[in-house]
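# A structural walkthrough
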Amino acid sequence: VERRTDMTMMGASTMPLSADKGPTHIVPIGQTTTMTGDELNRIRTTLLHAEAKTQGQAILSEEDRLREKLKDMSKQRMSGWNNTLEARRRQKEASRQTKIDEEEKRRQVMDREEAAFQSAERKKAIQRANTLLYENTERVKAFGSKLYLSDVIKEREMQMVVQADIKARADADERMWHQRTMEGIRKGGEEEERKREEALQRALHGKQVQLDQLEEFRVRYVTNKRAEKREGELIMAKVEAHILEEKEAEAKAKEEEKQRAAKTLKDNRRLQEEKRIAEQQAREDEEKRIMFFAEEKERKMRLRAEREAEIAAHKQAIRQRMIDRQVAHLQSLRQNENERVAGQVREAEARRDAEINEKNRKMQEQLQAIKTSHLSQLTAKQKGRVDGKLQGEADAAQFLADYQAGLEADRAAEAARRQRRIELKHYHIKQARARASNQRAQSKEDEDEQELIRQKLLEEDLLFDKYTKALIEQYEADGKPTKPLLIELAKMKAQGR
């Protein structure tokens, strides 16, 4: 079946029809496409899903809707069961939530009670604080002190009467005790005189004993001082002698150390010279050994070549005699046999010459290798000295680079410190401006506070007048003196308090 695109098929199937003329466009039979219902449902589902995806929605297929429906039915049926894990979990969760709600209700009741209690306590504390603040003002304190003075005067008048009676009884008792005291003083004076005389005698005796002890102590002290002086002189002499010995020993040790250092320096120089001479001698001996080895090797090769030449000549003579005998014996034979023997002889001579040449070539290679090794050792030593010199120059360049880098780092640090000082100066200027602004705001607040204090003072003056008037009337009713109170009030008004 020939198929076109799906959009062509859908366009052909959804073509609008006129009211009485039929389709406005007819597709030939050869250009149509036949499809099954499943394909049509698949295309419709794909298009619907694409449209829903562009709109942010999701469309379920028939199988998905059936699956969701069965799942909802299963959940609805299972929700009535009370012996499943989910039901038990919900029961535990509900029980826990119930306990939490009950606890929250109890906590709310306790919080309300605590809030009411704290509010009452705050009110009491505020009232007590206000009372203390009012009573702690200077005027109330001053007037209160006069109240206490009035009470004290009243109490003093009552106490003076009691004290007059007490004083009369005290005078009588005093006279009686005075007489007894005078009698005791007389007896005590006599006893004191007797004791003073005894003390004087004991003091004189003790003074004499002390004088004797002082004389004995002086003699003993002088003797000890003289002994200590002699001992000190002996110790000083020993110390000076010991110091002199130590100085001599130190000077001797320094001299010996100096001599040892000079000897060590001399020995080091001698050893360095001996080492240099030994190294020079070792290099010369090594070159002599190499040359001797080369000469010996060349001599042995020359002797070996001469010996081989002698052996070859002897063999050649023997071979020539044999050839002569064979020629004499075989002259009667074929002529070509002589030629064959001569060819074999030439081949043997060629092989012998090749072997001699190969041995000479190997000997020359060994001599050349020895010379090359010696030259390479000398070159390596010279290269080591050159490398050391180059390394020293590189180290000097590295030190100079490090020094330049340190100078650059110091300059950068100085620039950073200068920048920090500038930033600190700007910060101080900013702080000064902020402080000036705060002072202006504080001055405005102080003015507002002073106005509020002035209004408060006027209210306190009215309250104080009522307070003092009530107390004066009460003290007059109680018969207490009010003169200190009136004097204090007049003084307060005079001072403007």
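Above this text is the structure in question.
Let me sum up the structure you'll find in this document. (Residues numbered from 1 in each chain as written. Predicted model: local features only at pLDDT ≥ 70, side-chain atom pairs only at ≥ 80, totals over all residues. Heavy atoms only, no water.)

### Examining the overall build of the protein chain
Scanning the protein chain for helices and strands turns up seven helices and zero strands. Residues counted as buried form 7% of the 497 residues belonging to the protein chain. A separation threshold of at least 6 residues defines the contact pool for the protein chain, and within that pool the share at least 24 residues apart is 67%. On the protein chain, roughly 42,900 Å² of surface is accessible, and the fraction owed to carbon and sulfur atoms is 56%. (Helix = DSSP H or I, 4+ residues; strand = E, 2+ residues; numbered from the N terminus. Buried < 20%, exposed > 50% of the residue type's maximum accessible area, 1.4 Å probe, protein only. Contact = heavy atoms within 4.5 Å. Areas by Shrake-Rupley, 256 points an atom, 1.4 Å probe, with all protein chains shown as cover.)

### Some thoughts on the side chain of Thr482
Tracing the sequence through the fold places Thr482 in the loop between helix 6 (335-478) and helix 7 (483-495). You can call Thr482 buried: its relative accessible area is 12%. With sequence-adjacent residues up to four places away left out, Thr482 is seen in contact with Ile472, Tyr475 and Glu476.

### Side note on the pattern of salt bridges
Counted by the stated rule, this structure contains 26 salt bridges. Between Arg276 and Glu273 there is a salt bridge, with its nearest N and O atoms 2.2 Å apart. With Arg276 and Glu273 both in helix 5 (residues 138-330), this residue pair falls three residues apart, about one helical turn. Where Glu365 meets Arg361, a salt bridge forms, and the shortest distance between an N and an O atom there is 2.3 Å. Note that Glu365 and Arg361 are positioned in helix 6 at a spacing of four residues, about one turn of the helix. For Glu365, a relative accessible area of 43% translates into the label partly exposed. Arg361 sits in the partly exposed class, given a relative accessible area of 37%. (Salt bridge = Lys/Arg side-chain N within 4 Å of Asp/Glu carboxyl O.)

### Considerations on the packing of aromatic side chains
According to the stated counting rule, one finds one aromatic pair in the structure shown. Both rings, one in Phe217 and one in Tyr221, keep their centres 6.1 Å apart while their planes meet at 25°; by these two values the pair is stacked. Of this pair, Phe217 and Tyr221 both sit in helix 5, four residues apart, which is roughly one turn of the helix. You can call Phe217 partly exposed: its relative accessible area is 46%. On the accessibility criterion, Tyr221 (43% relative accessible area) is partly exposed. (Phe/Tyr/Trp six-rings, centres within 6.5 Å; stacked < 30°, edge-to-face > 60°.)

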